[in-house]
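The chain contents come next:
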Amino acid sequence: IAGITQAPTSQILAAGRRMTLRCTQDMRHNAMYWYRQDLGLGLRLIHYSNTAGTTGKGEVPDGYSVSRANTDDFPLTLASAVPSQTSVYFCASSDSQGSSTDTQYFGPGTRLTVL
Amino acid sequence: GENVEQHPSTLSVQEGDSAVIKCTYSDSASNYFPWYKQELGKRPQLIIDIRSNVGEKKDQRIAVTLNKTAKHFSLHITETQPEDSAVYFCAGFSGGYNKLIFGAGTRLAVHP
């Protein structure tokens, strides 16, 4: 069992390019999340998905889009990367049901540098 | 929406001493408060959490306390060890469904 995986591990990208960060979980969790981590700012939620077929905006959604075609995959797309999107990106998932909360499990992260 | 403030931003202690990290939150409806530990270059991992129906929870050398009236919660680490050195994040559960808002983190250094 892999848990939650992300690809690529790191990427250097030219500004203006399109980039998709991949996230896959094999725990059959219904909820998935994307965070960015910047020094001194902690983890900020970009987008989330409560269940396959639904997505929602987090604290910092501008410049990013997501899709949730199935339970396992939750890709994050930067349509036209800008240097301020240089960050470490973490995907997470949780087996949350209804109004209950549950532990969020994080992937290993993707270090993205936009030049 | 929820706002979570965490302090101190850095904390240095001697091995064997206790460490306390404090967080405040703004959303009185928040009912779930996890703490995550992140070692250098690694992913955040849950170390303990508390729900609003309890005031304290312990797990070996770590404990978390919650004061709902004052809207603050704290992480306590006793008998610190060098392997406790990491960045610790608190989080509050925002209004809406399953949206955690994280504090900015505390970098804890435990010196032998």
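Our structure is the block above this text.
So, a few notes on the structure that sits alongside this text. (Residues numbered from 1 in each chain as written. Chains lettered and ligands numbered in written order. Predicted model: local features only at pLDDT ≥ 70, side-chain atom pairs only at ≥ 80, totals over all residues. Heavy atoms only, no water.)

**Describing the overall build of chain B**
For chain B, the helix and strand inventory stands at zero helices and eleven strands. Seen in sequence order, chain B has helices and strands lined up from the N terminus as β-β-β-β-β-β-β-β-β-β-β. Relative to the 2.2 N^0.38 estimate, which gives 13 Å for 112 residues, the radius of gyration of chain B is 13 Å and therefore close to what a compact globule would have. For chain B, the spread of C-alpha atoms along the three principal axes comes to 45 × 30 × 20 Å. Residue burial in chain B is summarised as follows: out of 112 residues, 46% are buried. In chain B, once contacts between residues fewer than 6 apart in sequence are set aside, the share between residues at least 24 apart is 52%. (Helix = DSSP H or I, 4+ residues; strand = E, 2+ residues; numbered from the N terminus. Rg over C-alpha atoms; globule rule 2.2 N^0.38 Å. Buried < 20%, exposed > 50% of the residue type's maximum accessible area, 1.4 Å probe, protein only. Contact = heavy atoms within 4.5 Å.)

**What to know about the pairing of strand β4 (residues 31–38) of chain A**
Residues and elements named next belong to chain A. Most of β4 sits out of view: eight of its eight residues are buried. The alternating pattern of β4 places Ala31, Tyr33, Tyr35 and Gln37 and Met32, Trp34, Arg36 and Asp38 on opposite faces, both of which are buried. Note: β4 against strand β9 (residues 87–94), seven bridges, orientation antiparallel. Bridging from a neighbouring strand, Trp34 pairs with Cys91 of β9. Note that β4 and strand β5 (residues 42–49) share seven bridges and pair antiparallel. Along β5, the bridge assignment pairs Tyr35 with Leu45. Two successive antiparallel strands, β4 and β5, enclose a turn made up of three residues, where Gly40 displays a positive phi of approximately 80 degrees. (Pairing = 2+ DSSP bridges.)

**Some remarks on unusual backbone geometry**
The phi angle of most residues is negative, glycine excepted, and most peptide bonds adopt the trans form. Looking along the chain, the bond that leaves Ala7(A) and enters Pro8(A) is cis, with omega of -5 degrees. Looking at the secondary structure, you find Pro8(A) in the loop between β1 (4–7) and β2 (10–13). The omega angle of the peptide bond from His7(B) to Pro8(B) is 5 degrees, so this bond is cis rather than trans. Looking at the secondary structure, you find Pro8(B) in the loop between β1 (4–7) and β2 (10–14). The phi dihedral of Gln60(B) falls on the positive side, at around 60 degrees, and the residue is not glycine. For Gln60(B), the position within the fold is in the loop between β6 (56–59) and β7 (62–67).

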